[in-house]
Amino acid sequence: MSFPQETLGHPHVVAAAAAIADKLRSSIPVAAVGVVLGSGLGSVADVVVERGGSAIDYGAIPHFPTSSVEGHKGRLVFGRVEGTPVLLLQGRVHRYEGYPASSVVFPVRVLHALGVRKLIVTNAAGGIGDGFRPGDLMVIEDHLNLTGDNPLSGPNDARFGPRFPDMSEAYSRRLRKLCFDVGETRGLALQRGVYAGLLGPSYETPAEIRMLKSFGAHAVGMSTVHEVIAASHLGVEVLGLSCVTNLAAGLSSTKLSHDEVKETATQVEQEFSGLVLDLLPRL
Ligand code: HPA
């Protein structure tokens, strides 16, 4: 597996979007609502395919980065949920895999080029907040980008957005409220809080978790923040959802493992998929 260091810019985005639209035998724009599915949370896309949606492997899309991480499938799914056209990214790439941030956010930019203006970004995360338990779902209210990188560094391409995009409501207040409303009708007790995005791939030390807690973080993970920065830049409205797959380092007696992350994600997948499928036509 190789990790191209090429900076993927606007022409690459246009080429990828055109190839996808072509495969879907559709003229751009394709969908208004997009979803990025994190580790072990891909079953929403499986449901959309079962209901007649189409899937395209990332490898068949020009310039699309492919993930090396277990639990990340690597395909784009297009379909309808109660009549609403949706585009789902089943699997993502991470900065820690060796890709530059421009590659990490490339799929989000392609979704935007395909007409996506509302985006649900999901992830598996370690729980830090008081009372958080593995299996909890958290509505992301805000984030801390502690990756040491930003996908917008370098020359700004005004076709994507402004040089200095506002991040004061990166996670839409409107979509958060909607999510709590839908969660309530489904009988879900959703958590809320701040997601801290770190580079990884090592899990945090207990000292780092104590620091993150003092910084106001409620959950920690290795994704999402770059995608949300790129989405804000594009003017896309974002809903962020974390699946708390484990208590963060030092908060329980067990060691952290990717197997535990995948296992918990699988356990709550139905609850999670139900919520997302209910939300999609209501965004
Ligand atoms: N830390 C970082 N990333 C994660 C975790 C964690 O505890 N759990 C799932 N992704």
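Residues numbered from 1 in each chain as written. Predicted model: local features only at pLDDT ≥ 70, side-chain atom pairs only at ≥ 80, totals over all residues. Heavy atoms only, no water.

### Quick notes on the packing of helix H1 (residues 10–23) against helix H4 (residues 106–113)
It is at 9 Å that the axes of H1 and H4 come closest, and there the two elements cross at 60 degrees. Classified by the angle between their axes, H1 and H4 sit oblique to one another. Relative to H4, H1 is oriented so that their crossing is right-handed. Residues His 12, Val 13, Ala 16, Ala 17 and Ile 20 of H1 lie in contact with H4, whose contacting residues are Phe 106, Arg 109, Val 110 and Ala 113. Looking at the contact of H1 with H4, its residues break down into seven nonpolar, one polar and one charged. (Axes fitted to C-alpha atoms, helices over the stretch in contact; angles between N-to-C directions. Helix = DSSP H or I, 4+ residues; strand = E, 2+ residues; numbered from the N terminus. Parallel < 35°, antiparallel > 145°, perpendicular 65-115°, else oblique. Left-handed = near helix turned anticlockwise from the far one by under 90°. Contact = heavy atoms within 4.5 Å. Nonpolar A, V, L, I, M, F, W, Y, C, P; charged D, E, K, R; others polar.)

### A look at the side chain of Arg 75
Inspection of the secondary structure assignment puts Arg 75 in strand S3 (residues 75–81). Take Arg 75: its relative accessible area is 15%, and that puts it in the buried class. A polar side-chain atom of Arg 75 sits 2.8 Å from a polar atom in the side chain of Asp 46. Engagement of the side chain of Arg 75 in a polar contact is seen with the side chain of Gln 90, the distance being 2.5 Å. Here Arg 75 is in contact with Ala 45, Asp 46, Val 49, Ala 55, Ile 56, Asp 57, Tyr 58, Leu 88, Leu 89 and Gln 90, once residues within four sequence places are set aside. (Buried < 20%, exposed > 50% of the residue type's maximum accessible area, 1.4 Å probe, protein only. Polar contact = N/O pair within 3.5 Å; in protein donor to acceptor, adjacent residues only side chain to side chain.)

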